[in-house]
Amino acid sequence: MRKRILARRAPLRRPLSHVRPMLGSAILAALSVLAGLFLTIPYPGGGRFSFGDAFLILGGLLLPWKEALLGAMLGGALLDLLGGSFFYLPWTVLAKGALALVAILARKLTGGRRWTLPLLMLPAPFLQAAIYLIPYRLLMEEGYLILFLMDLVQGFGGLVLALLAEKPLRSIRRD
């Protein structure tokens, strides 16, 4: 009787295989939030320079597209929620999603030509800063262009850090 019961069970090849896709998103979001909380430089007029963008771009370059996109949007949203920036929440979800999406598309389009990746990544900081320009303009009469420029600096800083870290991290074999 015991042998028949054991024979009916399907073997578990990967017991937590349904959790694995969510794990990459969760790690990406957590790294982005930690960098946004502890590796930031506040700038005048509100806002902050965060190194979390480097993790979001790295996620777009290294993770499957669904994990990267979800992790980027979740990380940005959590950081805004923890920082009390509720007004910026929808704009952050769009901006961080766009940042990861450009990285994902650049990875897909390079096709092994590593020298073209930085060229294809150039629109990412501009797109992120342009999305944030909308709420800046809604909230402020003046000074919004300075915040736009600071967002560009943050985006390009994250891009440079991500591109420097991408090649060594890519060489680590992913199971």
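Refer to the structure presented above.
Computed from a predicted model, the values in this text were never measured in an experiment.

About the thresholds
Residues numbered from 1 in each chain as written. Predicted model: local features only at pLDDT ≥ 70, side-chain atom pairs only at ≥ 80, totals over all residues. Heavy atoms only, no water. Salt bridge = Lys/Arg side-chain N within 4 Å of Asp/Glu carboxyl O. Helix = DSSP H or I, 4+ residues; strand = E, 2+ residues; numbered from the N terminus. Buried < 20%, exposed > 50% of the residue type's maximum accessible area, 1.4 Å probe, protein only. Core = buried A, V, L, I, M, F, W, Y, C linked by side-chain atoms within 4.5 Å. Contact = heavy atoms within 4.5 Å. Polar contact = N/O pair within 3.5 Å; in protein donor to acceptor, adjacent residues only side chain to side chain.

Draft legend 1. Structural context of the pattern of salt bridges. Per the counting criterion, the structure on display carries 1 salt bridge. Taking the shortest distance from any N to any O, the salt bridge between Lys 96 and Asp 53 comes out at 2.6 Å. In this pair, Lys 96 sits in helix H5 (residues 89–110) while Asp 53 sits in helix H3 (residues 52–62), placing the two residues 43 residues apart along the sequence. With a relative accessible area of 2%, Asp 53 lands in the buried category.

Draft legend 2. View of H3. A large share of H3 lies buried, amounting to 9 of its 11 residues. What H3 keeps buried is the set Gly 52, Asp 53, Ala 54, Leu 56, Ile 57, Leu 58, Gly 59, Gly 60 and Leu 61.

Draft legend 3. Region of the structure containing the nonpolar core. Core analysis: the largest hydrophobic core is formed by 20 residues, its most contacted members being Ile 57, Leu 61 and Met 121. Of all the secondary structure elements, the ones that give two or more residues to this core are H3, helix H4 (65–83), H5, helix H6 (117–121) and helix H8 (144–170). No other element matches the 6 residues that H5 contributes to this core. In contact with Leu 61, not counting residues within four places along its chain, are Ala 103, Arg 107, Leu 117, Met 121, Leu 163, Glu 166 and Arg 170. Among the nonpolar cores identified, the runner-up in size contains 12 residues, and Phe 49, Trp 91, Tyr 132 and Leu 147 belong to it.

Draft legend 4. The arrangement of the side chain of Gln 154 in detail. The topology assignment puts Gln 154 in helix H8. Within the structure, Gln 154 has its side chain in polar contact with the side chain of Asp 53 (distance 2.9 Å).

Draft legend 5. Here's a closer look at the side chain of Glu 166. Mapped onto the secondary structure, Glu 166 falls in helix H8. According to the relative accessible area criterion, Glu 166 is buried, its value standing at 2%. If we skip the residues at most four places from it in the chain, Glu 166 touches Leu 58, Leu 61, Leu 62, Arg 114 and Leu 117.

Geometric descriptors of this kind do not, in isolation, establish any biological role.
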